[in-house]
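Fold and contact review
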Amino acid sequence: MSIVQKTASEIEVMRHACRLAAEVLDVVAPHVVVGVTTAELDRICHDHMVDVQGCIPAPLNYAPPGYSPFPKSICTSVNHQVCHGIPGERVLKNGDILNIDITVIKDGFHGDTSRMFVVGDGAKLIAKRLCAVTYECMWHGIVQVRPGAHLGDIGHAIQTHAQQAGFSVVREFCGHGIGRRFHEEPQVLHYGKPGTGVELVPGMTFTIEPMINAGKAAISELPDGWTIITRDRSLSAQWEHTVLVTETGYEVLTVSPGMPVPPPFVAGLRT
Ligand code: MF3
Ligand code: CO
Ligand code: CO
């Protein structure tokens, strides 16, 4: 399969799907409090996606080759969990950090976005710093996006910022083309060399979703077949947007009223 460039009408549908995905994060945000279970967060998101938005939660029963079907509607990855955490009876504690990753399907197209949340007011400085630096990493990647740029420019910008902060980039998972399929070409690595890799062309839609570890980059998979953790059990953070390559640069598609503001180095956000 090759890289799909979306038509103007497909982009309209993508924009809608992506905004709905971001809206789910706005809806769940006030529920991320001490004492809530990740299963309860899953239920809140599932009900909003299905009953309010008329969307399909893309993770539910998602089963790429070699994987068992994902059993829930969102991913919740806590503390040293890197990604693909399965919601369950785990109770969130003061100071936990948590990624919530939402992917909806609306009118045949996917929208994919995730944010970090800090539970209560007790998070350690390192945890808050990791979340903030990872957010900057995602945006350093996003601002590289324009026709003629290369995927390696994105990876390099992310890697440089993460490593300057003393953190490491997870290598086994990456951003991805997205559209009618959840995971399309190309793979968007969060490390790399400027000027290398696929050249960007208007109409491409892909995610940028760096996973950054406070300790070493190595990961392990839990026996549930999905949850990825840091091998050294250091904290891990991730943020994700779906972006469109426009004629002049980029458009972030997964925007919503409640999204955190971009860092100061981001010029103007088109919404
Ligand atoms: N949303 C994840 C991503 O950003 C993929 C989750 S797959 C699932 O690519 F099955 F775990 F939901
Ligand atoms: Co994604
Ligand atoms: Co995602």
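Look up a bit, the structure's there.
Given the structure is predicted, the values throughout are model-derived calculations rather than measurements. (Residues numbered from 1 in each chain as written. Chains lettered and ligands numbered in written order. Predicted model: local features only at pLDDT ≥ 70, side-chain atom pairs only at ≥ 80, totals over all residues. Heavy atoms only, no water.)

On to the layout of surface pockets. A volume near 500 Å³ is recorded for the largest pocket. Contributions of two or more residues to the lining of the largest pocket are made by β4 (97–106), β7 (175–177) and β8 (184–188). Among the residues forming the lining of the largest pocket, the class breakdown is 12 nonpolar, seven polar and five charged. (1 Å grid on protein atoms, 1.4 Å probe; cavity = no way out; pocket = protein on both sides within 12 Å on 5 of 7 lines; lining within 4 Å. Points joined across faces, edges and corners; volume = space filled by probe spheres on them. Helix = DSSP H or I, 4+ residues; strand = E, 2+ residues; numbered from the N terminus. Nonpolar A, V, L, I, M, F, W, Y, C, P; charged D, E, K, R; others polar.)

Around the cobalt ion (ligand 2), the donor atoms from the protein are D112 (OD), H176 (NE2), E209 (OE) and E240 (OE), and they sit 2.0 to 2.2 Å away. Viewed at the metal, the six donor atoms of the cobalt ion (ligand 2) are separated by angles of 51 to 163 degrees, and the geometry they form is irregular. Here the donor residues for the cobalt ion (ligand 2) map to a single chain with the spacing D-x63-H-x32-E-x30-E. Separating the cobalt ion (ligand 2) from the cobalt ion (ligand 3) is a gap of 3.3 Å, which D112 spans by donating to each of them. Taken as a pair, D112 in strand β5 (residues 109–118) and H176 in strand β7 lie far apart in primary sequence, 64 residues in all. (Donors = N, O, S within 2.8 Å, 3.2 Å for Na, K, Ca; no water. Tetrahedral: all angles 85-135°; square planar, octahedral: opposite > 155°, others 65-115°.)

Per the stated rule, a full pass over the model turns up eight salt bridges. Between E10 and R180 there is a salt bridge, with its nearest N and O atoms 4.0 Å apart. Placement of E10 in helix α1 (residues 8–28) and of R180 in the loop between β7 and β8 is noted, with a sequence separation of 170 residues between them. With relative accessibility at 18%, the residue E10 sits in the buried group. Judged by its relative accessible area of 54%, R180 falls in the exposed class. A salt bridge links D96 to K93, with the nearest nitrogen and oxygen atoms 3.5 Å apart. Several salt bridges share partner residues, and in doing so they unite E12, R15 and E251 into one network. (Salt bridge = Lys/Arg side-chain N within 4 Å of Asp/Glu carboxyl O. Buried < 20%, exposed > 50% of the residue type's maximum accessible area, 1.4 Å probe, protein only.)

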